[in-house]
Every structure is written in structure tokens, then in C-alpha cells.
Amino acid sequence: MMRRRSILNDEGTSSRVNVTPMIDVVMVLIVFYLLVGQLATDRRARIALPSSATGIEETQRTDPIIIGVTIDGTRSLNGDAIELDRLEAQVSGMLARSPGTPVRVRADKDTPHRFVRPVFNVLRDMGVGKIELVTEQRP
Amino acid sequence: MSESGSPTRSRPLKQRNIFGNKGRFGPNMTPMVDVVLVILIFFMAATTIVGQEWFLKADLPEQREETSETNGFTLPTPMLDLELFVERDRVVARGLGPEAIGIDKVIERIEQMDADLSEGLILRIGASDEVPYGAIVAVHDAGNAKKMRVAIR
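Residues numbered from 1 in each chain as written. Chains lettered and ligands numbered in written order. Predicted model: local features only at pLDDT ≥ 70, side-chain atom pairs only at ≥ 80, totals over all residues.

So, the overall build of chain B
Here's step 1: The helix and strand tally for chain B stands at four helices and six strands.
Here's step 2: Mapped in sequence order, the helices and strands of chain B form the string α-β-β-β-β-α-α-β-α-β.
Here's step 3: Expressed as a percentage of its 153 residues, the buried residues of chain B come to 24%.
Here's step 4: When contacts within chain B are restricted to residue pairs at least 6 apart in sequence, those whose partners lie at least 24 apart make up 62%. (Helix = DSSP H or I, 4+ residues; strand = E, 2+ residues; numbered from the N terminus. Buried ≥ 20, exposed ≤ 12 C-beta atoms within 10 Å, placed from the backbone. Contact = placed C-beta atoms within 7 Å.)

Structure representation (C-alpha cells):
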């Protein structure tokens, strides 16, 4: 009768390949690909930021209000698509809840100004006198 | 079960050898080192892919401020008013000299401005519908480098 193959060798230790580190590494790879993919989609594919040699780096802890404008004029508020006529109500609600929150505009460098100007006008009408234009650091 | 209530052991309890079977002791660090290295590499890669971001501050002046009002006692705010527009597929600007000039020239002239003259000067940028946002930021950046206060109409 054929003996069932033992997973233990003569010394009583396991002869199987230990897959635990591989699973660890693969899981981490998957998670990071997902994260990087998400970041790259948000920041790179849809919005190619203009570059600048001057600028201010992030130092404040409060989460800013981020208004995105893509090259085709699609606008977003903190990552969620929004129509221009709803932008004022949403942003003013946010500013009412936490006054002094910085407002940042993330627009594609090739976006025609006719898509960006209405955002500026909405903010101006709301009394937002200062904004921050997000750019990429020029090396 | 033994009399004391603890389960009986088939073999006598061996004293744990801190050196293990192969002269090692303590937890196996290999998986942790693997994971930490992968995390490190991916953070580095993510930073490179996404790029470092920062921001430029800009004023959004109210429309009524467009006309530089002054009375007999105050001086008008020193202001450089630029109007960008697209002409023959290139971005040009009016406001520096009598004729419209290309945006590269505008940036060059701003960069050449005397620091005493440029510091505190308000650079007000207006743009027509077709001007790409990047051109506005480029002019803004040049003004920022010369410590101008930049406003977008």
C-alpha cells in the first residue's frame, strides 16, 4: 500500500514552502497599487496641474475646500462632481460650519479660462477674497 | 484531566530553547523587513508619480475695485494690470507697453523688474475665455517671484 506523503521530513520540521511572507508582500503590493492608482487617477490623469517655481507648501492642519476644474469644464468639490449652481450653496455651507477654511482651486493647466472664471466669480460673490491655486513644484 | 484540573500532557514539557533548532532566537524578522521595504519603495514611487504640490495665493478682488478710485489725499495703489488673450494660437498680454506681447516676454519683463519697484505692487491678471489656466498661473508665478501681490479678475 502506498504511503501518504508526509509534510514532515525526517527531522520533524515542515518541508513546505512558507508562503506567509509572500502573502504579506502580495497584500501590501495590492493595497499600494490601489492607493497609488487612486491618487494617480485623481491628480494626474484627470487634472494635469500647472507647475510653478514659487509657492507655499502645506503647513496647516485644517482640511481645505478643494474645487477641481478639469479640461472639459467638469467641476468637483472635494473630489465629488458638482454643478456650478450648487457650488455656492455647498461651499458657503462648509465655510459657515468652519469659517476661515482655505479654498483651493485645482484646475488643469490647459483648462480654458471660461471654465475657471465662473468658479472665481462664485467665490468672489460669496465674499471669499483669497484663494489658493494648486500647482506642481517645478524641479 | 489531572487531579489539579489541568490537561494531562502526553510528553513532558520541554524547556524552551531560546536558540531554537538552528541557532536562532526571537521572532522571525524576515516578513516584517519584506513588508517595510515594500512600503518604503511604494511611498517613494507614489511621491514621484504624484509629484509634490504646493499652492499660490491669489486675491479675488470685488468688481467695484476694478476702477482705481482715489481722492485728493491718497495715492492710487500701484498696480500692474495685465489682460491675457489668445491671438493666432498664442497667448499674448496687454498692459506692458503700448502693444500686446507674448506671454514669454511678459514673464521675462516681470523677472527683469527692479525689486524695489515690484515689491508690494499689485499684479492684476485678467484673461479672455480661451486663455489656458496654465498661462495665468505662469504670470502669477513670475509676479510671486518678485513679491508682487497677485489678484485675478
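This is not the end of the story, as more comes after the structure.
With respect to the packing of helix H2 (residues 103-112) of chain B against helix H4 (residues 133-145) of chain B
Any two packed helices are characterised by how steeply their axes cross, that is the angle between the axes, and by the distance between the axes.
Residues and elements named next belong to chain B.
Here's step 1: H4 packs onto H2 with a crossing angle of 10° between their chain directions and a minimal axis gap of 9 Å. It follows from the interaxial angle that H2 and H4 lie roughly parallel. In this structure, H2 contributes Ile103, Val106, Ile107, Ile110 and Glu111 to the contact, and H4 contributes Ala135, Ala138, Val139, Ala142, Gly143 and Ala145.
Here's step 2: Of the residues contributing to the contact of H2 with H4, the split by class is nine nonpolar, one polar and one charged. (Axes fitted to C-alpha atoms, helices over the stretch in contact; angles between N-to-C directions. Parallel < 35°, antiparallel > 145°, perpendicular 65-115°, else oblique. Nonpolar A, V, L, I, M, F, W, Y, C, P; charged D, E, K, R; others polar.)

Observations regarding the pairing of strand E6 (residues 130-137) of chain A
Here's step 1: Bridging between strand E1 (residues 51-52) of chain A and E6(A) involves two bridges; their strand directions are parallel. Residue pairing in the sheet places Ser51(A) in a bridge with Glu136(A) of E6(A).
Here's step 2: Once you follow strand E5 (residues 103-107) of chain A into helix H3 (residues 113-126) of chain A and on to E6(A), the crossover reads as right-handed.
Here's step 3: Here E6(A) pairs with strand E1 (residues 53-59) of chain B via seven bridges, running antiparallel. The residue bridging Glu132(A) from the neighbouring strand is Lys57(B), located in E1(B). (Pairing = 2+ DSSP bridges. Right-handed = clockwise from strand over helix to strand, strands pointing away.)

Notes on the interface of chain A and chain B
Here's step 1: In this complex, chain A contributes 43 residues to the contact, which on the side of chain B involves 38 residues.
Here's step 2: The set of elements that each furnish at least two residues to the side of chain A that touches chain B consists of helix H1 (20-45), E5, H3 and E6 of chain A.
Here's step 3: For the side of chain A that touches chain B, the leading source of residues is H1(A), giving twelve residues.

Some thoughts on the packing of helix H2 (residues 84-97) of chain A against H3(A)
Residues and elements named next belong to chain A.
Here's step 1: With their axes 10 Å apart at the nearest point, H2 and H3 run at an angle of 40° to one another. Judged by the inter-axis angle, H2 sits oblique to H3. Crossing of H2 against H3: the hand is right-handed. In this structure, H2 uses Leu84, Leu87, Glu88, Val91 and Ser92 to contact H3, whose residues at the interface are Pro118, Val122 and Met126.
Here's step 2: Partitioned by chemical class, the residues of the contact of H2 with H3 number six nonpolar, one polar and one charged. (Left-handed = near helix turned anticlockwise from the far one by under 90°.)

Some words on the confidence of the model for chain B
Residues and elements named next belong to chain B.
Here's step 1: Here chain B averages 79 in pLDDT, while 71% of its residues score no lower than 70.
Here's step 2: Looking at the elements of chain B, mean pLDDT is at its lowest for helix H1 (residues 30-50), recorded as 78, and at its highest for H4, recorded as 94.
Here's step 3: Across residues 1-6, where pLDDT falls below 50, the model places three contacts with residues more than four positions away in sequence or in other chains.
Here's step 4: Scoring the predicted complex yields pTM 0.69 and, for the interface, ipTM 0.71. (pLDDT = per-residue confidence, 0-100.)

With respect to H2(B)
Residue and element names in this part refer to chain B.
Here's step 1: Burial in H2 covers these residues: Ile103, Val106 and Ile110. Each buried residue of H2 lies within a common arc of 55° when the element is viewed along its axis, so the set occupies one face. Of the exposed residues in H2, the ones pointing more than 90 degrees away from its buried face are Asp104, Glu108, Glu111 and Gln112.
Here's step 2: Taken together, the buried residues of H2 touch strand E2 (79-87), strand E3 (90-95), strand E4 (97-102) and H4. (Arc of directions from axis to C-beta.)

Brief notes about unusual backbone geometry
Here's step 1: Its identity is not glycine, yet Asn78(A) carries a phi of approximately 50°, on the positive side.
Here's step 2: Mapped onto the fold, Asn78(A) is located in the loop between strand E3 (75-77) and strand E4 (80-81).
Here's step 3: Assessed through the 15 C-beta atoms surrounding it within 10 Å, Asn78(A) is described here as partly exposed.
Here's step 4: The residue Arg88(B) is not glycine, and still its phi comes out positive at about 50°.
Here's step 5: Structurally, the position occupied by Arg88(B) is in the loop between E2 and E3.
Here's step 6: Exposure remark for Arg88(B): the 5 C-beta atoms within 10 Å place this residue in the exposed category.

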